[in-house]
Each structure stands twice: as C-alpha cells, then as structure tokens.
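Understanding the architecture of this molecule
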Amino acid sequence: MGIKAALPKYEIYFYNTVLCLAMFWSASWVFEVSSSNVNRKTFKTSVKPGWYYFGRKMDTADFEWMMWFSTFREHILFALTGHVLFAKIGSMLAQQYRSLVYLVYGLLAVWTSMGWTYVTLILSHCILLYSISLVKIRWLCFVTGLCTLATFKCEPFVSWQAGFVEGDFELRHILFYGGCGFTIMRCMSFALENCDRKDGNYNILELLKYNFYLPFFYFGPIMTFDKFYVQANKSDLTRKEREMWNISVQGVIYLGVILGVDVLFHFMYILTIPNDMKLLKHLSDWALVGLAYFNLVYDWVKAAVMFGVINTVSRLDHLDPPKPPKCITMLYVFSETYFDRGINEWLCKYVYDYLGGKHENVVEELVATLCTFGVTILWLGPCEVVLVWAFFNCFGLNFELWTAKFFSMEPFSSFEMAMSEATSRRIRGIFNAFNFWCIVLYNILALNSLDFAKLVAKRLLLKGFPITTIIVMFVTYCLIQVIKERERRQALIDDPDPLPPAPPPTAASPAGAAAPAAAAQPVADPSKEKAE
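None of these values were measured; they are calculated from a predicted model.

Together, Lys 278, Lys 281, Lys 458 and Lys 463 make up a positively charged patch on the protein surface. Mapped onto the elements, Lys 458 comes out in helix α20 (residues 450-463).

What follows is the structure, given as structure tokens:
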C-alpha cells in the first residue's frame, strides 16, 4: 500500500467527528474527577493555589515544568537573554570569532552558577575524551565514553564527583546531572567524528566551543559535532526571507502553549491523579484511558516547548538545531517514538544505523536495537522502570520488522495486491490501532509508574472487555486514519504526482481530434486524487 492511498472524503469527516467527540467525552470525565477530588489529602502536596483569576487550585506535580516556567523562570530567562546579547555583539564586532564568544559566555555562566570546581570536572572529562580521540580507534572512544557516562550513574563515583559542586541550592542536582550527562554525549560525538576525519585532528578549542554552548549545555538538545562545527563556523550569516518573522512567530506560539498548559493545570489534574492508586481504581474506563493518553500528550508538549524555547535562541545564532519531537498523536509505529529528537539522531548516527545498515536483516536489526537501547538505559540510568520500558520498546521495534517480513511473503503479498489501496489502508489501520496502544502503555510506565500502566492495561484488555476494548480501539482506529490522511496530504505536497504527457499533435481537425485525445487520457486513479 502506498502512502498516497486515499479514502472517501465523507469517511475522513466521520473519523474526525468520532475522534473529536471521544476526546471531549474523555476530557469531561477527567475534569469531573479533578473537580470532585480537589481537597483530597493525597493531593495536598502537588495541588496548590493557582492563578487568582481562576479561583482554582493548580496541578504542580511536574517539578521540571514548574522549574522552567514558574520557580526559576527569571534565572533561565536572564541567562538566555545574556547569551543572545553577547552573541549579537560578537557577531557584529568580530563575526569570524562569534563561536569563541559563545564559549566565553558559556564558561562564565557555568562558572557563576555551579562554581569553578564543577568547571574543572567538566574540563577533565573533555580532555580525557579528546586525548582518546587522537588515537582514532572508534571502539576505544565509544567504550571510554560509556565508561565515563557510567561514573555518573553508579556509586561511589557519583557522590565523589557531586562533591565538586559548590553551594546548596534547589537546582544543584538537576544542573549537575544535566551538564555532566550531555557533556559526555557531546564529547563522544566529537571523538567519533574525529575518528572519521581522514586528514589531521580537530582542535581541542573546537570541542570546548561545542560543549560550552550555553543554550544546549544543561538541558540539551544534542546536536552532533559535525553539524555544529559547520554551522557555528560558517561565514555567511545572511538570513532567509522572513526567517526572523518565523522565529518571532514561533516564540509567540511557545508562549501561548505555556500559558495554555498552565490554564489546563487548573482544571485537569492529569499529573497528580495517576499517583493516587486508590482513586484510580474507582475511576471509569473513559477517565482512566483519557488520563493515560493525556499524560503522553502532555509529555510531548513539555518536550516540544522546552526544546523549542532553546531552539529559538539557537536559531538566532544562525544554527539549525534538532527539531522538536513528533507529536504523539501522530505516531503509530515504534520507529518514530521518541521525545528527544537530538538523542534520537545521536543514537541513530552512531549506534542504530551504524550497526543496522539498511535495517532489512532481522539479526542485524536485533543487534542494532539491543545496543541502542543498552546505551539508552545507561543514559537514563539503570532501574526497574527503565529496564522494563527499554525491553518492551526494543521488542516493539523488532516485532514491527518481523511482522513486515512475514506479511511480505506469499500468500499475503498476493492478497494485498489483489485488493484496492483504500481497503489495504483500512486493514493496516486496524493493526496500527493495537500498535498505538502498545506505544502508549510502554511509555506511560516510564512517565508515571508501573502500577498505573498495569492498571490501564488490565482495565482496557481484561476488565473492560469487550465493550471498552472495542470502543477504545475503534476510536483509536479513527485516529490512525486521520494521521494517515495527514501523511497522505503531506506526501502529495512533497512529491506531487506527475501530470500525464500531452497527446502528440495530429493533422486532423480539432473537432475530430477531441474525442481520441480524450480517450487517450489515462483514467484517474481515485487513490492518487490530490487533496484540496
């Protein structure tokens, strides 16, 4: 089945209607639960007074969101504004040295926030991995990087290195782990790119410029060294037409999303409710399914906004950072399921694609996914939840390949060739609906808890069977078809169908040639019909 396979318009309208009604219905259940349990004892620690205008309490369970956009927003805004000003001055006065200006400001900002001993710790890791990269042995650089990363995940190395941080403030541990973890990943990227360089070595100053670029230093995203090196050292800084306008619009959109999420937290306590297992057991199936889905959507929104704010700053520096993650409501395959596109590109470039090749061989794909999720486990920190999450996602990624290989054999391939493209799309949508909920269940156990994921799975597949299961899967099927329709329209924009060739001119009169010319035109395939 091609991606351009079309369905009748009335069918797409029906799917959109069902999807919207189901979303509103599920949201109303979550709103009802939030309003009726606002004074619950278990909510006191995370549901606190919110905006005065609403007169309602606010869900503050997500420390990371509150840190960025409430508690420490002035500090983060001050640091990023200072970077923009220094970068602009550097670009105006010494354009060829602007990357050096990024380095100086980043070093001063890290020194001010974490102390000179922390800067010394970071520099020691940079020097170590730079020294190993001079040997130009790829596997040695990779093993050294992973061993260095492991020192921030296990005792007694963590406690010893944490002692290098001066002061005792609330963000101390977050900045420590964020800065150190991303530093190791960036140094590994530098070392691996240096191994691939045939003539000479990169200067250690280039590594320091790359690592101490402040917008990416503490919270990412990760841009591989080859891309950063080219973009940070390019001499032509002219912008494309309407580029500044697009950057400004993007910034305003992120501001609107931040305000929208804060407003939502006053009416739907989607982060606090999953932590109360006693309350969850008494919720309706719609409320429980809605909580699982909205938690995943919120985590995508948080990642998109946080990386989007940083990316907006870096775009002002003439960089092209990794794009925000793909919306979770647009996913139905494991190969596109990620919340950090920077880490995903890093893993694909240095592990997954490097070992998996064209991803057609089952054994090579298995080895590539095992190694990829092994590095991911080390990056996130080994624990029960991370191990379970990695196992199921690794299995899902391989199972997709096994299923595709199986159904490409006879007689299944002949069956699909015999049916219309629209029918093939509908059948595939049924399987994608089950795949979608596997993605949801596998990821909410990492975002919330293993108990919450087990409760949702039990209610969806066992206790709620068959009514809840059929209804939820039908709504999910509608969602899949809406996603496929959006992909079809985008494919028609990116790769429009070629127009049929004009008939050759003949000596016949126009009136006599009209009928043969019309008959020579090929019959339009309804599956190729372009969207309005």
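There is more to say after this.
Within the span of helix α11 (residues 225-232), buried status applies to Phe 225, Phe 228, Gln 231 and Ala 232. Projected down its long axis, α11 shows its buried positions confined to an angular sector of 140 degrees, all on one face. In this structure, the buried side of α11 is in contact with α4 (98-114), α8 (172-196), α9 (204-211) and α15 (341-356).

A word on the nonpolar core. Formed by 143 residues in total, the largest nonpolar core has its most connected members in Tyr 118 and Trp 346. Among the elements that make up this core, the one with the highest residue count is helix α14 (residues 285-316) (17 residues). If we ignore the near neighbours within four places in the chain, the residues touching Tyr 118 are Val 110, Phe 164, Val 165, Leu 175, Phe 176, Gly 179, Cys 180, Phe 217 and Tyr 218.

Before going further, it helps to spend a moment on the environment of Phe 395. Counting through the fold element by element, Phe 395 comes out in helix α17 (residues 384-407). Residue class for Phe 395 comes out partly exposed when judged on its relative accessible area of 35%. On a C-alpha basis, the gap between Phe 395 and Thr 369 in space is 8.8 Å, while along the polypeptide they are 26 residues apart.

Right, let's talk about the confidence of the model for the protein chain for a bit. The predicted model of the protein chain averages 86 in pLDDT, with 92% of residues at 70 or higher. Of the regions scoring below 50 in pLDDT, residues 507-532 engages in 21 contacts with residues more than four places distant in sequence or in other chains.

Further remarks concern the environment of Thr 272. If you trace the backbone, Thr 272 turns up in the loop between α12 (243-264) and α13 (277-280). For the pair Thr 272 and Glu 416, spaced 144 residues apart in the sequence, the C-alpha separation amounts to 46 Å. Reaching out from Thr 272, the side chain makes a polar contact with the side chain of Ser 46 at a distance of 2.9 Å. A polar atom in the side chain of Thr 272 sits 2.7 Å from the side chain of Asp 59.

Right, let's talk about a nonpolar patch on the surface for a bit. Residues Tyr 97, Leu 100, Val 104, Leu 108, Trp 111, Trp 116 and Leu 205 make up a contiguous nonpolar surface patch of roughly 710 Å² in combined accessible area. Among the elements that make up the nonpolar patch, the one with the highest residue count is α4 (four residues). If you trace the backbone, Val 104 turns up in helix α4.

Applying the stated criterion to the full structure yields 45 aromatic pairs. Here the aromatic rings of Phe 190 and Tyr 202 are separated by 6.0 Å at their centres, their planes lie at 50 degrees, and the arrangement is tilted. Highlighted residues: Phe 190 in helix α8 and Tyr 202 in the loop between α8 and α9, separated in sequence by 12 residues. According to the relative accessible area criterion, Tyr 202 is buried, its value standing at 12%. Centre to centre, the rings of Phe 407 and Phe 431 are 6.1 Å apart; their planes meet at 55 degrees, and the pair counts as tilted. Taken as a pair, Phe 407 in helix α17 and Phe 431 in helix α19 (residues 421-447) lie far apart in primary sequence, 24 residues in all. On the accessibility criterion, Phe 407 (36% relative accessible area) is partly exposed. Joined through ring pairs, the aromatic side chains of Tyr 102, Tyr 130, Phe 190, Tyr 202, Tyr 210, Tyr 213, Phe 216, Phe 225, Phe 228 and Tyr 229 make up one cluster. One residue, Arg 138, lies across the ring of Tyr 354, its end atom 4.3 Å from the ring centre. Directly above the aromatic system of Tyr 202 lies the positively charged group of Arg 197, at a separation of 4.3 Å from the ring centroid.

Conventions adopted
Numbering of residues starts from 1 in every chain and runs along the sequence as written. Reporting of local features is limited, given that this is a predicted model, to residues whose pLDDT is at least 70; pairs of side-chain atoms are given and counted only at 80 or more, and all residues count toward the totals for whole chains, interfaces and linings. Side-chain calculation: all heavy atoms of the structure are included, whereas hydrogens and water are not. Patch building starts from residues that exceed 30% relative accessible area and form no salt bridge, then joins like charges within 9 Å and nonpolar side chains (Val, Leu, Ile, Met, Phe, Trp, Tyr) within 5 Å. The Shrake-Rupley method, run with a 1.4 Å probe sphere, supplies the accessible areas, and residue values consider only the shown protein chains as cover. Counted as salt bridges are all cases of a side-chain nitrogen of Lys or Arg within 4 Å of a carboxyl oxygen of Asp or Glu. Lys and Arg are tallied as positive, Asp and Glu as negative. Neither His nor the chain termini are counted. Charged side chains are reduced to one point each, which is NZ for Lys, CZ for Arg, CG for Asp and CD for Glu. Only runs of H or I of at least four residues qualify as helices and only runs of E of at least two qualify as strands under DSSP, and these elements are numbered from the N terminus. Only protein chains enter the accessibility calculation, which uses a 1.4 Å probe; a residue is then buried when its area is under 20% of its type maximum, exposed when over 50%, and partly exposed in between. Directions pointing from the helix axis toward each C-beta atom define the arc. Note on definitions: a residue-residue contact is assigned when non-hydrogen atoms from the two residues lie within 4.5 Å. By nonpolar core we mean a set of buried residues, namely Ala, Val, Leu, Ile, Met, Phe, Trp, Tyr and Cys, connected to one another through side-chain atoms within 4.5 Å. Across the chain, each position has a pLDDT score giving the predictor's confidence in that residue, from 0 to 100. Here a polar contact is recorded for every N or O atom pair within 3.5 Å, except that within protein the pair must consist of a potential hydrogen donor and a potential acceptor, and residues adjacent in sequence are included only if both atoms are side-chain atoms. Each Phe, Tyr or Trp ring (for Trp, its six-membered ring) is paired with any other whose centre lies within 6.5 Å, and the angle between the two planes then decides the class: stacked below 30 degrees, edge-to-face above 60, tilted in between. When the NZ atom of lysine or the CZ atom of arginine is within 6 Å of a ring's centre and also within 35 degrees of its normal, the charge is said to sit over that ring.

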